[in-house]
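# Inside the fold
Okay, here's what each chain looks like letter by letter:
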Amino acid sequence: MENQLNKEQSPYLKQHKDNPVKWLAWNKESLQKAKDEKKPIFLSVGYASCHWCHVMAHESFENNETAKIMNEKFVNIKVDREERPDLDFIFQKSLSILTGAQGGWPLSMFLDENAVPFTGGTYFPPRELQGRPSFNSVLENVSKVYQENRDKILNQADQMKMVFRELNKKNAVLKQDLEPYVEKIINYTDEINGGFKGAPKFPQFYIFDTILHFYSKTNNKKYLDVVEKLLLSLSSKGIYDHLEGGISRYTVDEKWIVPHFEKMLYDNIQYVNLLNNYLSNKENNYLKQKLIQTIKFINSEFIIKNNLLGSAYDADSDGVEGKYYVWKYQELKDILGNDLENFKKKYQISEKGNFEGSNILIENLNPDISKESEIIEIEQKLLEIRKKRNKPFFDDKSQTDLNAFWVYTNLYSSIILNDKTLFDKSIKNFENLNLIYQNKLFHCYNDNKQIDVFLEDYVYFSLLLLSNYEFTKKQSSLEKSIKLMDEAWINFFNSNEGILQKNKVQSNDLFVEPIDLNDNNIPNGNSVYLLICNKLNNIAPESKWKERMDILSKSFHSHINSNFAQMFSYIKILDICEDNITVTINSKNTDTIEKIRKQVIKKFMDKASIIYKEDNSEDYFIVCKKQTCSPKLKNLEELENYFINL
């Protein structure tokens, strides 16, 4: 059987279709082949914009000698982690269990013929390097060990499954104070550079979003300060694309200067969302402009067919990491001439550069804005020149959860920015998504080769539907959200664990059930499901919502003690459920509703449930928190005054 990846839709898998390795996709036939031939599986997991995935591909998978060893001694399976997030989660966790090593991409796992992992790693070099063995020697050694110890390795499967069960073991805590976790995590933040101490440095937005939630709840300024420090650092340093907008995935240094240049949709959604939440608490024109620029960038440069969004831009162009984004000093001098000095008033530019002899654009600590209009013209000029370069590869795979999350975030941004054009565009994008998914949900690819749906696809689309109801009073959106939430419970709820698992319970093709409690690329689907249950329990009360909330809340509390740093979205949402803020709007006056709705969303968005009533006797608004309600508030001024003390 030859390389089968030319039959696949994934841009990442297609990048490997011409490798001499006889790659197979993950499916029943591939897994059966390993059983029939009694061969171990080499599983390679990555994604299209992954720099080190490209490196290992060029060094090893395109090498005929390496391919010969792989083809003779293994069944070789290639997986796009964005197509199969459940599989990626299980095997990343397996690597940690088996070797104690931190995971990452490319993920290189060795599985027995029953698809149970027994060893693995991430990137392996073609020759021994800094203590890392060569990939060929790893292949030979693993094959030898498997042949000599096959029965023993096969018999280890039960032990591996038991370890996973132990990982999901609950403690006796059923409820606890949540703010102490926020206090605890702040001790690890970088007071100078923002974010967390050390390098490489990832933004980890879901943690800072929760910290900001507790600022809005307590007015404790130190919570606001750490979020502000992160946003100002991100938005002024090399991780941010100053010419076009958007952020890269992480930086290799602790000062946010040298990024790993890939741009992921999920990072930029959360960057925009955190900016929204920050600006709902505090005015900041500088960050507002970054928000506007990034929204414009995503809404223009990530668009694919059917008006959906793709997934990511690669770090490389012309085979060189960061080439599209950086500038040689002489190049800037030739382009700008005398304007270079004006450009230096805003950006740190030098002949030596800050990245391999080139300049990543970094804003000065105290930029001189006296020539702001001239600098804007220079930025536009450089952007037009940059656009003539060869662009990094774009992964145009559209994912349901991320598309729904983006439209949800844009709706919020339209209120924060008071931008009716963005609001109208977001509603159109919602209607487009609703049309695409009118018959059924799927994870990616809007054609006859769809990838099946995962938990996050259900919950983020349900959240968008419910938010559309809260924004527009559209009853059909509320009804569809309820329908999807019921379907998600049937398909994903694992009754043994009291948790929603990542893939459908009835069609799991992994050696264990993927019980994923962690916030990873985006806040975990379990926590979002709880948020929606809380809203529906207020808006369309039925006993099932409260029952599901009780089950999930108890499960979450029983895990947070041992895993709090990876469960910060849960901390926020459990607190939201505890406070249970509702705003009941009773009015026939469309203009009044519009003003009130905007004010409520700007202050609360996900933190409150908006309930519409139609009592013709009078116009009023009632705000409740923890079953304690305001009197009938008759106008926007009364509502805002009440918010101040809430």
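Residues numbered from 1 in each chain as written. Predicted model: local features only at pLDDT ≥ 70, side-chain atom pairs only at ≥ 80, totals over all residues. Heavy atoms only, no water.

## Some words on the overall build of the protein chain
From N to C terminus, the protein chain includes 25 helices and 17 strands. In terms of overall dimensions, the protein chain has C-alpha extents of about 80 × 70 × 45 Å along its principal axes. A buried classification covers 59% of the 646 residues belonging to the protein chain. Summarising the internal contacts of the protein chain: among those between residues at least 6 apart in sequence, 70% fall at separations of at least 24. Within the protein chain, the 91 negative side-chain charges are centred at a point lying 1 Å from the centre of the 85 positive side-chain charges. (Helix = DSSP H or I, 4+ residues; strand = E, 2+ residues; numbered from the N terminus. Buried < 20%, exposed > 50% of the residue type's maximum accessible area, 1.4 Å probe, protein only. Contact = heavy atoms within 4.5 Å. Lys, Arg positive; Asp, Glu negative; His and termini not counted. Charge placed at Lys NZ, Arg CZ, Asp CG, Glu CD.)

## A few points about the pairing of strand S4 (residues 117-121)
Taken across its five residues, S4 has four buried, putting it largely inside the fold. The turn linking strand S3 (residues 107-111) back onto S4 is made up of five residues, and Ala115 within it adopts a positive phi angle of 70 degrees. (Pairing = 2+ DSSP bridges.)

## What to know about empty space enclosed by the protein
Under the criterion given, the structure shown has six cavities of 30 Å³ or more. Of the voids in this model, the largest cavity is the one considered here, and its volume is about 250 Å³. Roughly 140 Å³ of volume is contained in the second largest cavity. Forming the boundary of the second largest cavity are 15 residues, of which Gly238, Tyr240, Asp241, Tyr325 and Arg386 lie nearest the centre. (1 Å grid on protein atoms, 1.4 Å probe; cavity = no way out; pocket = protein on both sides within 12 Å on 5 of 7 lines; lining within 4 Å. Points joined across faces, edges and corners; volume = space filled by probe spheres on them.)

## A closer look at the packing of aromatic side chains
Within this structure, the stated rule accounts for 39 aromatic pairs. When the centroid spacing of 6.1 Å and the interplanar angle of 40 degrees are considered together, the rings of Phe91 and Phe511 count as tilted. With a gap of 420 residues between them, Phe91 in helix H5 (residues 85-99) and Phe511 in the loop between strand S13 (499-500) and helix H21 (525-539) connect regions that are remote in the sequence. On the basis of relative accessible area, Phe511 is assigned to the buried category, the value being 13%. A connected cluster of aromatic rings, assembled from ring pairs, spans Trp23, Phe42, Phe61, Phe74, Phe110, Phe124 and Phe135. We note Arg389 situated over the ring of Trp327; from NZ or CZ to the ring centre the distance is 4.1 Å. Against the face of Tyr620 rests Lys632, its NZ or CZ located 4.5 Å from the ring centre. (Phe/Tyr/Trp six-rings, centres within 6.5 Å; stacked < 30°, edge-to-face > 60°. Lys NZ or Arg CZ within 6 Å of the ring centre and 35° of its normal.)

## Section: unusual backbone geometry
Cis geometry is adopted by the peptide bond preceding Pro106, which originates at Trp105 and carries an omega value of 0 degrees. You can see Pro106 is positioned in the loop between H5 and S3. Each neighbour pair has its own omega, and for Ala199 with Pro200 the value is -5 degrees, a cis peptide bond. Residue placement: Pro200 occurs in the loop between helix H9 (179-186) and helix H10 (205-218). One non-glycine residue with positive phi stands out, namely Asn306, at about 65 degrees. Within the element layout of this structure, Asn306 appears in the loop between helix H13 (285-301) and strand S8 (312-313). Look at Asn306 and you get partly exposed, because its relative accessible area is 39%. The phi angle at Gln627 is positive, at roughly 65 degrees, despite the residue not being glycine.

## Brief notes about the sheet that holds strand S7 (residues 263-264)
Paired through backbone hydrogen bonds, the strands of a sheet run either parallel or antiparallel to each other. On the basis of which strands lie adjacent, the open sheet formed by three strands has the order S7-S8-S11 and antiparallel pairing. Only two strands of the sheet have a single neighbouring strand rather than two, namely S7 and strand S11 (394-395).

## Points about the environment of Lys473
Here Lys473 shows up in the loop between helix H19 (455-472) and helix H20 (475-492). Sequence separation between Lys473 and Ile610 is 137 residues; the distance between their C-alpha atoms is 9.5 Å. Non-local contacts of Lys473, meaning those with residues more than four positions away in its chain, are made with Asn468, Tyr612 and Glu614.

## Overview of the sheet that holds strand S1 (residues 41-46)
Read across the open sheet, the four strands follow the order S2-S1-S3-S4; overall the sheet is mixed. Since the sheet does not close on itself, it has two edges, and those belong to strand S2 (75-80) and S4, each with one partner. Shown here is a sheet whose adjacent strand axes are inclined to one another by a mean of 20 degrees, direction ignored. In the sheet, S3 pairs with S4 via four bridges, with the strands oriented antiparallel. Of the residues in S4, the one forming a bridge with Phe110 is Thr119. (Axes fitted to C-alpha atoms, helices over the stretch in contact; angles between N-to-C directions.)

## Examining the packing of helix H11 (residues 221-236) against helix H12 (residues 265-281)
Across the interface, H11 lies against H12 with an axial gap of 11 Å and an inter-helix angle of 130 degrees. One finds that H11 runs oblique with respect to H12. H12 is crossed by H11, and the crossing has left-handed handedness. In this structure, H11 contributes Leu224, Val227, Glu228, Leu230, Leu231, Leu234 and Ser235 to the contact, and H12 contributes Tyr271, Leu274, Leu275 and Tyr278. By residue class, the composition of the contact of H11 with H12 is nine nonpolar, one polar and one charged. (Parallel < 35°, antiparallel > 145°, perpendicular 65-115°, else oblique. Left-handed = near helix turned anticlockwise from the far one by under 90°. Nonpolar A, V, L, I, M, F, W, Y, C, P; charged D, E, K, R; others polar.)

## Here's the deal with the nonpolar core
Of all hydrophobic cores here, the largest spans 162 residues; its most connected members are Phe61, Ile211, Val227, Phe461, Leu464, Tyr529 and Phe568. Of the residues forming this core, the biggest block, eleven residues, is contributed by H19. Not counting residues within four places of it along the chain, the set of residues in contact with Phe61 comprises His16, Asn19, Pro20, Val21, Trp23, Phe42, Ser44, Met56, Met70, Lys78 and Phe135. Of all hydrophobic cores here, the second largest spans 26 residues; its members include Leu31, Leu87, Phe89 and Ala157. (Core = buried A, V, L, I, M, F, W, Y, C linked by side-chain atoms within 4.5 Å.)

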